[in-house]
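For reference, the chains in residue letters:
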Amino acid sequence: MRVLKWLLWALLAVVLIVGVYGFWTVRRSFPTVEGTIEVAGLNNSVEVIRDEWGVPHIYADNAHDLFFAQGYTHAQERFWQMDFWRHIGSARLSEMFGSSQVDTDKFLRSLDFVQLAEQELAEMPEDSREILEWYAEGVNAYLDTHSPAEISLEYAILPLTNSGYEIEPWEPVNTLTWAKIMSWDLSGNMRAEIARSLLTAEIGVERTEQLYPPFPEDRPVIVPQDQTAPVETQAYELPDGALTALASAGTAAEDLWTLTGGGFEGIGSNNWVIGGSLTESGLPILANDTHLAIQMPSIWFQNGLHCVGDDPSCTYQLVGFSFPGTPGVVIGHNNHIAWGVTTQATDTQDLYVERVNPEDDGQYEVNGEWVDFEVRTETIRVAGDDDIVFDVRSTRHGPVISGTFLEEDELDDIDVVDVPEEYAVALSWQTLEPSTLVEAILGLNRATNYEEFREAMSLWDIAAQNVVYADVEGNIAYQATGEIPIRANGDGRYPVPGWTDEHEWLGLIEFDDLPRLLNPPRDWIETANQQVLRPGSMPFLGADGAYGYRGGRIEDMIRGEASHTVPSVSRMQMDTREGGAESLVPYLLEVPDGEDERVMDVQSRLASWGEGAQAYQSSGDSNGAAVYQAVWRWVLIHTFQDELPEDRWPSGGSRWAEVVKSLLGAPDDRWWDDVGTGLVEDRDDILFQAMADAHDELTDILGGNADSWTWGRLHTASFENQTLGQSGIGPIEWLFNRSAPEVVGGSSSTVNANGWDTDVSYVVDWLPSQRQVIDLSNWDNSTFHHTTGQSGHAFHRFYDNMIEPWATGEQGPMHWDRANVTGSSSSTLTMVPAGS
């Protein structure tokens, strides 16, 4: 017993030591946010007041100190995230995470974002470059005074796999490369180009086009105007070697999208602005929620930037959302104007199939002649392994993105094996030219009226956006942005031959020719990634985009309320009416039930779900929504998976809703037939089987008590750290990952757009990454939240405090007046120059 007693005491001591060490290790990276600290590099003192949500409001008397302090604050809260992002942008992931990231680095090196960023920095006006430098000084001031483990918990764990990693100083170029990565995430139409081309080889042009229907005539566009002659679609029958090259390019792109969380079909955002004639206050209300991949911590960081001195540089007074690693505010308001953004339905990427010289693979064909590829040599440093040295090729159209990444088993899907390189795929994309995006954002931050807003928007050249605007004078406006190509032929929906001049870009659409609105008669503007102009209108911006379910619903809700307020608009952001259900459910209810109890139960629940004021709402607590979404998944499985290659199976969303809607009126269309059964099925056969299988699946997942089924129990939201949170090591993932309560509603096509992939699972894979509602009559009435919390430090009180409010729709105050900021403060930090 004495031995046992001593063993128990020893065990308790070990547990206490481990617990204390773990507690200390976790908390040692929590930043100092209270009191007074000396910081080398400041000119004068700066006050940082964090409010009850952990939002820092920075008060400085000159622009240098303002952006210096923003950099310092971002580094305090989110430096691991910033460091990870800059390694993506600079194609140096292998230096952090080893050989698993070599292929991703190779693909990114082909895009050469670092060289572009260096060129942008050299060409940037001095006032913008200074802000990037001041911001970097602030980041480095924090790094210089903290050890890696004091900067973030991840750095205490990273040595387990990479003991030689050292944090490098932050440089302005790191901000610019991240802008390129965001442009990549938001410009995914090349995915559709590749998919259409490979599908055409499998099922022909006609059936492929059935799966990519035109934008519906009865759905709203953003800027109504007269139609002109449509741009012709041109699909080319490509040889096997070209298909192999396209598949290779697609594989590389998918790997990068998986890493960054971009490229989801149908992903986008909502924004709208309601003029004073339709608001209770008599001044505009502006709303915005941007849809991005689910991740931990949030991609956004909310901050207030208040330059309050008499210094001539003090032209910045603003509050809103920033990206860690980037100075200023991307979405929000200053003391004169407010703005919000959504991804524009434009086509800014074209793929050119280049013919390679069979006698000399260092050449490609241009108008009947062989010319040399441009070649440069890249070296990738790999943690724990040898360096990788390889060549990157470019053509007159851009970098070659094919040829390195396709695994042998992936060739089986296109019936091509061991084909020598006869073709290469080059990417033409304006993001591969020097950009002025950062200058646009800083100009927007300073703008005081519509004319200055337009001037800033003229610099927004990549990651084309729909930007809505409101000002304190009562004006509302919309501006399309981006450098969008004018093509000699075709509409950019399919890859084109690169060996002639028939498909060259003739130039770019002039900014003054891009669509815009100012104070439209209806006194409101909405955008939700649908077509900007009615198809057939000019200028031609692109053919792909959302199919107007969200946009149509937003318009209905704006019209449905006589006098809008901030609470009514925030309720609109949480709306989950399922537009596709309005077409599908009536057909489901007409299917003969065959006295199958499963089908009868499904039909009964769908009938109830489609009735009353809450008809077709996919809220998290809805029983009918759970049933509908399961049926929807099985409709897609039974209709399409038998004939499409596995990597082209339906993922859901508005495009597939439109495809199914068009087929519902054609009960004998060949898509309905399951070619694997030996029978010939029609529409009702497939709908019957989908309802039966959905009932079985729901029983397996949620249990036999069908009354307890809810959409939120299926449609769960798990926020994962993009690096160590996906390590496969349970205890480490537990440290960093968090889950939302099981109340999350919505789908890819609802206003509260919580996307999921019908081919994978019901879990949320993209979502409204932030929400804001801005009241132009009183800035302090404005509200916001984003997905997780302000802090990037696991177990900090502001690490996950926004998850539940995000899930339930509760928005916090977007403080503006200093008295309100001070009155709601959770901490106050005074930063003074070193030695003062």
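Above this text sits the structure in question.
Rules used in this analysis
Residues numbered from 1 in each chain as written. Predicted model: local features only at pLDDT ≥ 70, side-chain atom pairs only at ≥ 80, totals over all residues. Heavy atoms only, no water. Axes fitted to C-alpha atoms, helices over the stretch in contact; angles between N-to-C directions. Helix = DSSP H or I, 4+ residues; strand = E, 2+ residues; numbered from the N terminus. Parallel < 35°, antiparallel > 145°, perpendicular 65-115°, else oblique. Left-handed = near helix turned anticlockwise from the far one by under 90°. Contact = heavy atoms within 4.5 Å. Disulfide = S-S within 2.5 Å. Buried < 20%, exposed > 50% of the residue type's maximum accessible area, 1.4 Å probe, protein only. Pairing = 2+ DSSP bridges.

(A) Representation of the packing of helix α5 (residues 113–123) against helix α9 (residues 172–185) in the model. With their axes 9 Å apart at the nearest point, α5 and α9 run at an angle of 120° to one another. In terms of orientation, α5 and α9 fall into the oblique class. The interaxial crossing formed by α5 with α9 has right-handed handedness. Along its contact with α5, which presents Phe113, Val114, Leu116, Ala117, Glu118, Glu120 and Leu121, the element α9 presents Pro172, Val173, Leu176, Thr177, Lys180 and Ile181.

(B) Expanded view of the state of the cysteines. Here the structure, examined in full by the defined rule, presents one disulfide. The disulfide partner of Cys307 is Cys314, and the S-S distance across this bridge is 2.1 Å. Taking the sign of the S-S torsion, -60° for the link of Cys307 and Cys314, the bridge is left-handed. Given the relative accessible area of 4%, Cys307 is considered buried.

(C) Region of the structure containing the sheet that holds strand β20 (residues 496–497). The strand order β16-β10-β20 describes an open sheet built from three strands, whose pairing is mixed. The open sheet has two edge strands with one neighbour each: β16 (423–429) and β20. As defined by bridge partners, strand β10 (residues 349–355) adjoins β16 across seven bridges and the pair is classed as antiparallel. For Gln349, the partnering residue across the bridge sits in β16 and is Trp429. Contacts from helix α10 (residues 189–203) reach β10 and β16 within the one sheet, and its direction differs from that of β10 by about 45°.

(D) Focus on helix α4 (residues 102–111). Among the 10 residues of α4, nine are classified as buried, and the element is accordingly described as predominantly covered. Residue Asp112 follows α4 closely and has a positive phi angle near 55°.

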